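Okay, here's what each chain looks like letter by letter:
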Amino acid sequence: MKYTTDFDYDLPEELIAQSPLSERAESRLLIVPPDNGPLIDSVFSDLGCRLRSDDLLVVNETKVLPGRLYGQKALTGGKVELLVERLLDESTALVQLRASKAPGVGTELTTGVGTPLRVLGRDGMFFVVACNPGERFEELLYREGETPLPPYIGRPVEDIDSERYQTVYARHPGAVAAPTAGLHFDERLFKNLAVKGVQLAKLTLHVGAGTFSPMKSEILDQHEMHSEMIVVDDDLVEAVRQTRDRGGRVVAVGTTVVRALESAAQSGDLAPMRGLTKLFIRPGFRFSVVDMLITNFHLPRSTLIVLVSAFAGVDRIREVYKHAVDRRYRFFSYGDAMLLESRRVQ
C-alpha cells in the first residue's frame, strides 16, 4: 500500500522558479538513463543528442486561456476570484471560486468591469458559472481575464507571462495551466530535431486547475482524480504504429501527453479518443504506449510526481529529486526539466 507521504520531499523555497529564463532552451536538463545508470547534467538545447532518427516526439497543443477573473457579488459587493477549470459550452464554465462566503445557486456576480455572471450550480469543489446568453465565455476571458499563473509563483502577472506561460506550438484554447515540459522548446530546437529525423506528432489535453489540487487522502488508492478533456486523433494513432514498426520510441513531452496516450490505450491498443479522462497513473500502472518522458520537476505529494514515480520507479525518482535539489535545479512551471529515458518494467 502506498501513501501520499511516500511522494514528499524537502524543497528550499528559493529553488522555485519565479520567472522564465531569457531563452526557452537554455533550461537545464537532467538526463535519467535506464537501469539506474549515473545521472547526467545537461542543457535542454542538447536534447537531440539523446534522441534517435526513428523516435516520435509527441506534444500537447493545448493553449492556455487567460482563465483568472476578478469581480464581486452583485448584491453585497463581496470580492470573488474565479479560476476556470474548463469551458463547458459557449456560455458556461466550470470554475474554482474564491469568496469570503460560498455563493448559492442563482447568485449574481459581476466582473471588475461590470460584466454580469450567474452561478448555476455546484459540481463537487467547483461551481458552474454562466455569462449572458449569446456571449461567449472564451471571449470574456480574452477581454478581461489574466494569465493564471500557478499559486507558487509569488509575484503579479507580467506582460511576458502571456507569451512564456505558453508553448510555441499552442493551438487549441482550453487549458488554464500550461503543459510545462513544452515550455523549453523553441523553433530552433524543433528544426534541429527535424534535421536529425525525429518525427513530431500532436494531441490535445486541456490542463485544468485541478492539476494543482493536493491529494487529500493519506492512502494513494483512495485519491479521486480530477478529469481533463483529451483529443487523440487517427493521425497520431497511425504515427505511433509506424514508430513501432520501425523500432522507434514514443517520447512524451510532459505528463499530460502520457495521461492522454495511456488513456486512449485503456481498451488495449491505442485508439482515437475524444472525451474526458480520469485516469490516475500510479505505481503498478502498466504503460503500453510511452517509452520516454520529458517532464519538469513537480510539487511534493502531487499526482504528477506520482505519475513520474510510476514511470521510472519510486526509488529512482527520489534519487533524481535529491540530485536536482543538491545541484540547485529550478523547480516547477518555469523551472528546469528532466528526461526519463526508459519506463520501469513492472
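Our structure's up above, just so we're on the same page.
Note that this is a predicted model, so its numbers are computed, not measured. (Residues numbered from 1 in each chain as written. Predicted model: local features only at pLDDT ≥ 70, side-chain atom pairs only at ≥ 80, totals over all residues. Heavy atoms only, no water.)

Student: What exactly am I supposed to notice about the pairing of strand S16 (residues 292-296) here?
Tutor: Residues in a regular strand project their side chains so that they alternate between the two faces of the sheet. Among the 5 residues in S16, 5 count as buried, and that is most of the element. Residues of S16 alternate between two faces, with Met292, Ile294 and Asn296 on one and Leu293 and Thr295 on the opposite face, all of them buried. In the sheet, strand S14 (residues 250-253) pairs with S16 via 3 bridges, with the strands oriented parallel. Directly across from Ala252, in S16, lies its bridge partner Leu293. Where S16 meets strand S17 (residues 337-340), 4 bridges bridge the pair, whose relative direction is antiparallel. From the neighbouring strand, Thr295 faces S17, where its bridge partner is Met338. (Buried < 20%, exposed > 50% of the residue type's maximum accessible area, 1.4 Å probe, protein only. Helix = DSSP H or I, 4+ residues; strand = E, 2+ residues; numbered from the N terminus. Pairing = 2+ DSSP bridges.)

Student: In this structure, what is going on with the nonpolar core? I would like to understand it.
Tutor: Generally speaking, a soluble globular protein has its nonpolar side chains buried in company with each other. Membership of the largest hydrophobic core comes to 69 residues, with the highest contact counts inside it found for Leu30, Val58, Leu261, Phe297, Tyr321, Phe331 and Leu340. Looking at this core element by element, the count peaks at 7 residues for helix H6 (residues 303-312). Ignoring any residue separated from it by four or fewer positions in sequence, one finds Phe331 in contact with Tyr9, Leu11, Leu15, Ile16, Ala17, Phe297, Tyr321, Ala324 and Val325. (Core = buried A, V, L, I, M, F, W, Y, C linked by side-chain atoms within 4.5 Å. Contact = heavy atoms within 4.5 Å.)

Student: Sorry, what's going on with empty space enclosed by the protein here?
Tutor: Rolled over the atoms, a probe as big as a water molecule pinpoints where empty space is left. For the structure shown, the criterion picks out 2 cavities of 30 Å³ or more. Taken together, 33 residues form the lining of the largest cavity, with Thr180, Thr211, Thr255, His298 and Leu304 sitting closest to its centre. Estimates place the volume of the second largest cavity at around 90 Å³. Lining of the second largest cavity is provided by 13 residues; of these, Pro20, Ser27, Arg164, Leu183 and Tyr334 occupy positions nearest its centre. A per-class count over the lining of the second largest cavity returns 4 nonpolar, 5 polar and 4 charged. (1 Å grid on protein atoms, 1.4 Å probe; cavity = no way out; pocket = protein on both sides within 12 Å on 5 of 7 lines; lining within 4 Å. Points joined across faces, edges and corners; volume = space filled by probe spheres on them. Nonpolar A, V, L, I, M, F, W, Y, C, P; charged D, E, K, R; others polar.)

Student: Is there a simple way to explain the packing of aromatic side chains in this structure?
Tutor: Ring pairs (aromatic) are described by centroid distance and by the angle formed between their planes. A full pass over the atoms with the stated rule returns 14 aromatic pairs. Measuring from centroid to centroid gives 5.1 Å for Phe44 and Phe185, while their planes differ by 85 degrees, and the two rings are edge-to-face. On the criterion of sequence distance, the pair formed by Phe44 in the loop between strand S2 (40-43) and strand S3 (56-60) and Phe185 in the loop between strand S11 (172-175) and helix H3 (187-196) is long-range, its members being 141 residues apart. The residues Phe44 and Phe185 share a single accessibility class, namely buried. Relative to Phe332, the ring of Tyr152 lies with its centre 4.7 Å away and its plane at 50 degrees, an arrangement referred to as tilted. Here Tyr152 is found in the loop between helix H1 (137-144) and helix H2 (161-164), whereas its partner Phe332 is found in the loop between helix H7 (314-326) and S17, with 180 residues between them in sequence. Under the relative-accessibility criterion, Tyr152 is labelled buried at 16%. Phe332 gets classed as buried once you look at its relative accessible area, which sits at 4%. Through a chain of ring-to-ring contacts, three or more aromatic side chains come together here, namely Tyr9, Tyr152, Phe297, Tyr321, Tyr329, Phe331 and Phe332. If you follow Arg28 out to its NZ or CZ, it ends over the ring of Tyr329, 3.8 Å from the centre. (Phe/Tyr/Trp six-rings, centres within 6.5 Å; stacked < 30°, edge-to-face > 60°. Lys NZ or Arg CZ within 6 Å of the ring centre and 35° of its normal.)

Student: When you look at the pattern of salt bridges in this model, what are you seeing that I'm missing?
Tutor: Opposite charge on two side chains permits them to pair, given that their charged atoms come into close proximity. In the structure shown here, the tally under the stated rule is 27 salt bridges. The salt bridge partner of Arg68 is Glu81, with a shortest N-O separation of 2.9 Å. Taken as a pair, Arg68 in strand S5 (residues 68-73) and Glu81 in strand S6 (residues 79-87) lie far apart in primary sequence, 13 residues in all. Across this residue pair, the class does not change: Arg68 and Glu81 are buried. Its salt-bridge partner being Asp291, residue Arg244 comes within 2.7 Å of it at the nearest N-O pair. Of this pair, Arg244 sits in helix H4 (residues 234-245) while Asp291 sits in the loop between strand S15 (273-277) and S16, and the two are 47 residues apart along the sequence. Overall, the relative accessible area of 34% leaves Arg244 in the partly exposed class. Since its relative accessible area comes to 17%, Asp291 is described here as buried. Look at the salt bridges and you will find they share partners, linking Glu90, Arg136, Glu138 and Glu139 into a network. (Salt bridge = Lys/Arg side-chain N within 4 Å of Asp/Glu carboxyl O.)

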